[in-house]
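Here's the letter readout for the chains.
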Amino acid sequence: MPGPADPEPVAGSLLAHLEPADRRLLLDHGTPRTFPADEVVLRQGDPTDHVLVLASGWVRVDAVTRDGGELLVAFRGPGDVLGDLAALHDSTEAPTVRTATVRTLTAITTVQLRRERFVELLETRPSITLGLARQMASRLVQAETARTDAATLDVNHRVAVYLARLLPAHGVRTPEGVVLTLPLTQQDIAHSIGASLRAVARAISLLRDRGIVEPPARGRILVTRPEVLTAFLGDTPNGT
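Residues numbered from 1 in each chain as written. Predicted model: local features only at pLDDT ≥ 70, side-chain atom pairs only at ≥ 80, totals over all residues. Heavy atoms only, no water.

Engineer: Describe helix α1 (residues 20-28), and please don't skip the residues or the numbers.
Structural biologist: Residues Asp 22, Leu 26 and Leu 27 constitute the buried set of α1. The buried residues of α1 occupy an angular sector of 130° when projected down its axis, which confines them to one face. For α1, the exposed residues lying more than 90 degrees away from the buried face are Pro 20 and Ala 21. Lining the buried residues of α1 we find β3 (50-56), β8 (108-114), α3 (115-124) and α4 (126-152). (Buried < 20%, exposed > 50% of the residue type's maximum accessible area, 1.4 Å probe, protein only. Helix = DSSP H or I, 4+ residues; strand = E, 2+ residues; numbered from the N terminus. Arc of directions from axis to C-beta. Contact = heavy atoms within 4.5 Å.)

Right, here's the structure in full:
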């Protein structure tokens, strides 16, 4: 069961929006589970009967589009709920299935709640329902921001902005700069921003030539001039 030593919930997550009593109520009604790194915990297309609340560790969420393309949807961390949309989708016409695949980036600890119990808590505890709505709102804002970026920025700027947005949650300062701790390849970035691998490689090369980043080495990107990278955020339409 998650304890006091667990990491603080990430901003925008369900647990970040809940008071301690509601957090405990939610977590106490589930079953603790742990998973090692690099393991699929939810698979796109599988039937769903439960949700997972992340207590510690990080995962990546990927989806295959209708045309067969791949999309890196998001990274999720402590406090996030996984599988909530599928759990809330109630259809009598077809079985509810997972809409994305979730794979662990690190070892994680979770609390698993059966769909029926999760829905019952939402029906009887308005504060938890409101917290989930706020988590969904945060994710919608992220999705809308990504859509706006794709429509208004060239690939060079989209790559810079994407990396800059990862720095607060995933950057670790070193003497050489800030290392993004997420295992992130250029193909991952391409899937995230809806660009070709070749275009992303050119953008990374441009940032490297300007002394702003070093290309991924063993899945890690070194940002040598983070203040320059974050300045690209000022070029986005909403300035975020």
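From this point, the narrative continues.
Engineer: Give me the lowdown on α4, citing residues and values where you can.
Structural biologist: For an α-helix, 3.6 residues make a turn, and residues three or four places apart therefore share a direction. Over its 27 residues, α4 runs 38 Å from end to end, which matches the ideal 39 Å to within 8%, given 1.5 Å per residue. Packed against the buried residues of α4 are α1, β5 (70-76), β6 (81-82), α2 (84-88), α3 and α5 (155-170). (Expected span 1.5 Å × (residues − 1).)

Engineer: Tell me about the sheet that holds strand β7 (residues 101-104), and please be specific about residues and values.
Structural biologist: Backbone hydrogen bonds are what pair the strands of a sheet, in a parallel or an antiparallel way. What the four strands build is an open sheet, ordered β2-β7-β4-β5; its pairing is antiparallel. Lying at the two open borders of the sheet, with one neighbouring strand each, are β2 (40-42) and β5. On average, each strand axis in the sheet is inclined to that of its neighbour by 30°, with strand direction left out of account. Bridge analysis of strand β4 (residues 59-64) against β7 gives four bridges, and the strand direction is antiparallel. The residue bridging Val 61 from the neighbouring strand is Val 102, located in β7. (Pairing = 2+ DSSP bridges. Axes fitted to C-alpha atoms, helices over the stretch in contact; angles between N-to-C directions.)

Engineer: Talk me through the packing of helix α6 (residues 186-193) against helix α7 (residues 197-209); I want residue IDs and the actual numbers.
Structural biologist: Two elements in contact, α6 and α7, have axes whose closest approach is 9 Å; the angle formed by their N-to-C orientations is 115°. Between α6 and α7, the angle is such that the two are roughly perpendicular. The two elements α6 and α7 meet at a crossing, and its hand is right-handed. For the pair formed by α6 and α7, the contact residues are Gln 186, Gln 187, Ile 189, Ala 190 and Ile 193 on the first element and Leu 197, Val 200, Ala 201 and Ile 204 on the second. (Parallel < 35°, antiparallel > 145°, perpendicular 65-115°, else oblique. Left-handed = near helix turned anticlockwise from the far one by under 90°.)

Engineer: So what's going on with the pairing of strand β9 (residues 171-174)? Which residues, and what values?
Structural biologist: Regular strands show a simple pattern: their side chains alternate between the two faces of the sheet. Relative to strand β10 (residues 177-180), β9 runs antiparallel, the two sharing four bridges. Its bridge partner lying in β10, Gly 171 is registered against Leu 180.

Engineer: Explain the nonpolar core to me, using residue names and the numbers behind them.
Structural biologist: In summary, soluble globular proteins display a tendency toward joint burial of nonpolar side chains. One finds Phe 75, Val 159, Tyr 162, Leu 163, Leu 184, Ile 189 and Leu 229 to be the most contacted residues of the largest nonpolar core, which totals 33 residues. Contributing elements (two or more residues each) for this core: β5, α5, β10, α6, α7 and β12 (220-223). The element contributing the most residues to this core is α5, with eight residues. Here Phe 75 is in contact with Trp 58, Val 59, Arg 60, Leu 105, Tyr 162, Leu 166, His 170, Leu 182 and Leu 184, once residues within four sequence places are set aside. (Core = buried A, V, L, I, M, F, W, Y, C linked by side-chain atoms within 4.5 Å.)

Engineer: Account for the pairing of β8, with residues named and values stated.
Structural biologist: Pairing analysis gives five bridges linking strand β1 (residues 31-35) to β8, with the strands arranged antiparallel. Note on β8: the bridge partner recorded for Arg 33 is Thr 110. In the sheet, β3 pairs with β8 via six bridges, with the strands oriented antiparallel. Across the sheet, Val 53 pairs through a bridge with Val 111, a residue of β8.

By themselves, these are just geometric observations and shouldn't be taken as functional.
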